[in-house]
Amino acid sequence: MAYDWLKGIEDHYDIVVIGSGLGGMTGANVLAKCGHKVLLLEHHYQLGGLATWFTRKGGHIFDISLHGFPIGMIKSCRKYWSKDIADSIVQLKGVRFINPQFSIDTTFDREDFTRLLVEKFRVAAETVERFFTDLRAMNFYDNNQETTGQMFERYFPGRDDVQRLLMEPIAYANGSTLDDPAITFGIVFSNFMSKGVYTFQGGSDVLIRKMTAELKANGVEIRKHVGVEKILTEERDGARHVTGVVANGRAIRCEAVLSNANIKNTILRLAGEESFTPEFVAETKAVRVNSSSCQVYLGIRKGEPLPHIGDLVFTSDEPVFSSEKLVDLHTTSRTFSLYYPDTRPGSDRYTVVVSINAKYADWNALTPEQYDAEKQRLISESIAALEKHIPDIRGKIEWMEAATPRTIERYTRHWAGTSFGTKFEGLKVSMDLPKQLPGLYHAGSVGIIMSGWLGTINYGVIVANQIDKALAAKKRTAMASA
Amino acid sequence: MTKDDCKKLVIDIISDIAPDEDLSAIKPEIRLRDQLQLDSMDFLDIVMELRKRHGIEVPEADYSHLASLESCAEYLTPKFAAKA
Ligand SMILES: Cc1cc2nc3c(=O)[nH]c(=O)nc-3n(C[C@H](O)[C@H](O)[C@H](O)COP(=O)(O)OP(=O)(O)OC[C@H]3O[C@@H](n4cnc5c(N)ncnc54)[C@H](O)[C@@H]3O)c2cc1C
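Just so it is clear, the structure is predicted and the values come from calculations on it, not from any experiment.

Student: I would appreciate a short explanation of unusual backbone geometry in the present structure.
Tutor: Outside of glycine, negative phi angles account for most residues, and trans bonds account for most peptide bonds. Residues and elements named next belong to chain A. Even without being a glycine, Asn248 presents a positive backbone phi close to 45°. As for its placement among the helices and strands, Asn248 is situated in the loop between strand S11 (239–247) and strand S12 (250–259). Although it is not a glycine, Ile448 adopts a positive phi angle of roughly 70°. Within the secondary structure, Ile448 sits in the loop between strand S18 (440–442) and helix H17 (452–481).

Student: Looking at this model, I keep getting lost on the interface of chain B and chain A. Mind explaining?
Tutor: Many descriptions give the size of an interface as the accessible area lost when the pieces come together. Counting residues at the interface gives 18 residues for chain B and 15 residues for chain A. Both sides together, the interface formed by chain B and chain A hides about 1300 Å², and carbon and sulfur atoms give 49% of it. Three residues, Met41, Met48 and Arg51 of chain B, lead the burial of chain B against chain A; their summed loss comes to 39% of the area buried on that side. Taken together, the links from chain B to chain A amount to 6 salt bridges. One salt bridge in this structure joins Asp20 of chain B and Arg78 of chain A, with 3.3 Å as the shortest N-O distance. Inspection of the region where chain B meets chain A yields 8 residue pairs in polar contact (both at pLDDT 80 or more). Per element, the largest residue contribution to the side of chain B that touches chain A is 8 residues, and it comes from helix H3 (residues 40–54) of chain B. Of the residues in the side of chain B that touches chain A, the class split is 9 nonpolar, 1 polar and 8 charged.

Student: Would you take a moment to explain the sheet that holds strand S17 (residues 397–403) of chain A for this structure?
Tutor: For sheets, the rule is that strands pair by backbone hydrogen bonds, running either parallel or antiparallel. All names here are of chain A. Reading across from one edge, S7-S6-S14-S15-S16-S13-S17 is the order of the 7 strands in this open sheet, with mixed pairing throughout. With one partner strand each, in any of the chains shown, strand S7 (103–106) and S17 form the two edges of the open sheet. Across this sheet, the average inter-strand angle for adjacent strands is 15°, counted without regard to direction. Examined bridge by bridge, strand S14 (residues 312–315) and strand S15 (residues 334–339) share 4 bridges and lie antiparallel to one another. Bridged to Phe314 within S15 is Thr335. Along the sheet face, helix H15 (residues 405–412) touches strand S13 (292–300), strand S16 (351–358) and S17 and points at about 95° away from the line of S13.

Student: Please clarify how the packing of aromatic side chains should be interpreted in this entry.
Tutor: Geometry of an aromatic ring pair is reported as the spacing of the ring centres plus the angle between the planes. Residue and element names in this part refer to chain A. Taken as a whole and assessed by the stated rule, the structure comprises 23 aromatic pairs over all chains. Centre to centre, the rings of Tyr340 and Tyr350 are 6.2 Å apart; their planes meet at 90°, and the pair counts as edge-to-face. Placement of the pair is Tyr340 in the loop between S15 and S16 and Tyr350 in the loop between S15 and S16, with a sequence separation of 10 residues. Neither Tyr340 nor Tyr350 differs from the other in exposure class; each is buried. Through successive ring pairs, a cluster of aromatic residues spans Phe108, Phe113, Phe131, Phe132, Phe152, Tyr155, Phe156, Phe185, Phe189 and Phe192. Directly above the ring of Tyr13 sits Lys37, whose terminal nitrogen or CZ lies 5.5 Å from the centroid.

Student: Would you explain empty space enclosed by the protein in this entry?
Tutor: The probe, sized like a water molecule, is rolled over the atoms to show the empty space still left. Residue and element names in this part refer to chain A. The full count for this structure, using the stated rule, is 1 cavity of 30 Å³ or more. The space that makes up the largest cavity amounts to roughly 40 Å³. Lining of the largest cavity is provided by Leu329, Thr331, Arg334, Ile356, Arg377, Leu378, Glu381 and Ser382. With 4 residues, the top contributor of residues to the lining of the largest cavity is helix H14 (residues 368–387). Of the residues that constitute the lining of the largest cavity, the class distribution is 3 nonpolar, 2 polar and 3 charged.

Student: Could you clarify how one ought to interpret the site of the ligand in this entry?
Tutor: Residues and elements named next belong to chain A. The immediate surroundings of the ligand are formed by 37 residues, with Gly23, Glu42, Leu50, His414 and Trp453 found nearest. Interatomic distance of 2.8 Å between a side-chain N/O atom of Asn260 and an oxygen atom of the ligand. Contacts to the ligand include Ser445, whose backbone N or O atom sits 2.8 Å from an oxygen atom. Here the ligand has 1000 Å² of accessible area as a free molecule, and 95% of this is covered by the chains. Put simply, the parts of the chain that give the shell around the ligand at least two residues each are helix H1 (22–33), S13, H15 and H17. Grouping the constituent residues of the shell around the ligand by class yields 14 nonpolar, 21 polar and 2 charged.

Student: Before we go on, may I ask you to explain H14 of chain A in this structure?
Tutor: Since one α-helical turn is 3.6 residues long, residues separated by three or four positions face the same way. Residues and elements named next belong to chain A. With 20 residues, H14 ought to run about 28 Å at 1.5 Å a step, and its terminal C-alpha atoms sit 29 Å apart, in line with that. Of all the positions in H14, only Tyr371, Glu374, Arg377, Leu378, Ile379, Ser382, Ile383, Ala385 and Leu386 are classed as buried. Looking at the buried positions of H14, the neighbouring elements they touch are S13, S15, S16, helix H13 (360–364), S17 and H15.

Parameters and conventions
- Residues numbered from 1 in each chain as written.
- Chains lettered and ligands numbered in written order.
- Predicted model: local features only at pLDDT ≥ 70, side-chain atom pairs only at ≥ 80, totals over all residues.
- Heavy atoms only, no water.
- Helix = DSSP H or I, 4+ residues; strand = E, 2+ residues; numbered from the N terminus.
- Contact = heavy atoms within 4.5 Å.
- Buried area = accessible area lost by both parts, 1.4 Å probe.
- Salt bridge = Lys/Arg side-chain N within 4 Å of Asp/Glu carboxyl O.
- Polar contact = N/O pair within 3.5 Å; in protein donor to acceptor, adjacent residues only side chain to side chain.
- Nonpolar A, V, L, I, M, F, W, Y, C, P; charged D, E, K, R; others polar.
- Pairing = 2+ DSSP bridges.
- Axes fitted to C-alpha atoms, helices over the stretch in contact; angles between N-to-C directions.
- Phe/Tyr/Trp six-rings, centres within 6.5 Å; stacked < 30°, edge-to-face > 60°.
- Buried < 20%, exposed > 50% of the residue type's maximum accessible area, 1.4 Å probe, protein only.
- Lys NZ or Arg CZ within 6 Å of the ring centre and 35° of its normal.
- 1 Å grid on protein atoms, 1.4 Å probe; cavity = no way out; pocket = protein on both sides within 12 Å on 5 of 7 lines; lining within 4 Å.
- Points joined across faces, edges and corners; volume = space filled by probe spheres on them.
- Near = heavy atom within 4 Å.
- Areas by Shrake-Rupley, 256 points an atom, 1.4 Å probe, with all protein chains shown as cover.
- Expected span 1.5 Å × (residues − 1).

What follows is the structure, given as structure tokens:
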């Protein structure tokens, strides 16, 4: 008989968390610290979701989504995880852009962007100041229909170079386009722009190990290799409620479910259309998922150093920025993340991860032969592009490998292999979920703004607060009627 | 519980949420946001801590009552009294 990954668990928990991405783990941690009994289930053999890594022979270790996050991570990690985790967060100083329109180095903060926009791009200082200040003041609750592209035209008319500087890094970071609401750009850009780009020193493996230890210390029951197949509901007093989940074929009862699976998976596959009104199902189906990613992993042979060409290098051969070109199967836009030995103090290894935005549909349409050939092409084009900056790189590479939207789908099960959750409308569906099906909550990349490491951690906390509130109220009612 | 006791409990919570802030000179009538580096997540933490430590629920519609120390005391003291 197969090993029982659920061996020893109890029949009932206060909360079952589906998925161990940063949103799921943070939600689980906060709820456990509130005193709830929490079971965290992950279908993969490793925790972390997209905040993950893998190793290859030759001592190579590759980080998937550790390219950079905003300074706010320090505060969130300290409050919702530990001081130890927060203390390992350091700034990435070498951010570069290299494309036909400009070539610049920046510390990626408001001051430096202001300097660049004024001195290099010759934009009036007053306009730059107004842009940053207005962006900061943008409010989620303002009902503003403007798109990001329209907003750029308002501040920097006809300046596709300025637009590229402002948009390209954000498009890489969250898959957003010029057609998305300006508010999504405003919130994400203001976060990133406050004080530069940061990383976790020690690597994703150390971070997730520390978070796992913290979860255990706070009493969270964690099970890997456990996929949730169904969210169980029951009709009570004329309304449907969540009563548990089915995982690895076994029913587990609970008061509430916090799903970190993609919002469309959660509603349409795990809970099932039958649990909702036709209107809500239609609204969910209409949610557009974001684009996906390809990556090329280059492991450098032991003993071969790389020159310091920057930490995060945004490169492109496209003449101007275009949201469509960025995700094209044959795009020339790539972000190089260079991991020098100080990424993992004590290590002497170098690694390069190339990230490329991509469309799931393009990759899903390929035959197995075409798929392999396209992966090979990605690898060779990425190496050729890197040779422009490190001419002797080819001879130093010991391991090369590519991942595609299909890889992401396989490991995370996300709808259409999305890397960055959903477009803006997904946030409303996610937030409305507990009203539609009491006991079911969702926390994970949605709505562009609740995405990325910081966005999903904070969203996990926001949703944990709602669950804690609902369970506290339930306890009060139970006590009052006892 | 007096309003001053209530302010002390709120300051206790803030000192845990924002350990680097100097809370000795907070002006009760001035908005907390204007004196301290507090963002909307910090206010959510205050709400969670009030529930966890004192069993007090602050509905979303009432979050604005937490703006300053004075308004916190005004809003929360009766809630503490109702619990006692
Ligand atoms: C290539 C790439 C690069 C990125 N770079 C950055 C970056 O530099 N900075 C940054 O801030 N963000 C980056 N991101 C985004 C960031 O990684 C994500 O926004 C964030 O990690 C997502 O967290 P999440 O909570 O939404 O859950 P996810 O990480 O998506 O995890 C969901 C989890 O749920 C599990 N799951 C799903 N269904 C089930 C089920 N039925 N049963 C059990 N388990 C299930 C999955 O296996 C997975 O572990 C990047 C993303 C990608 C793809």
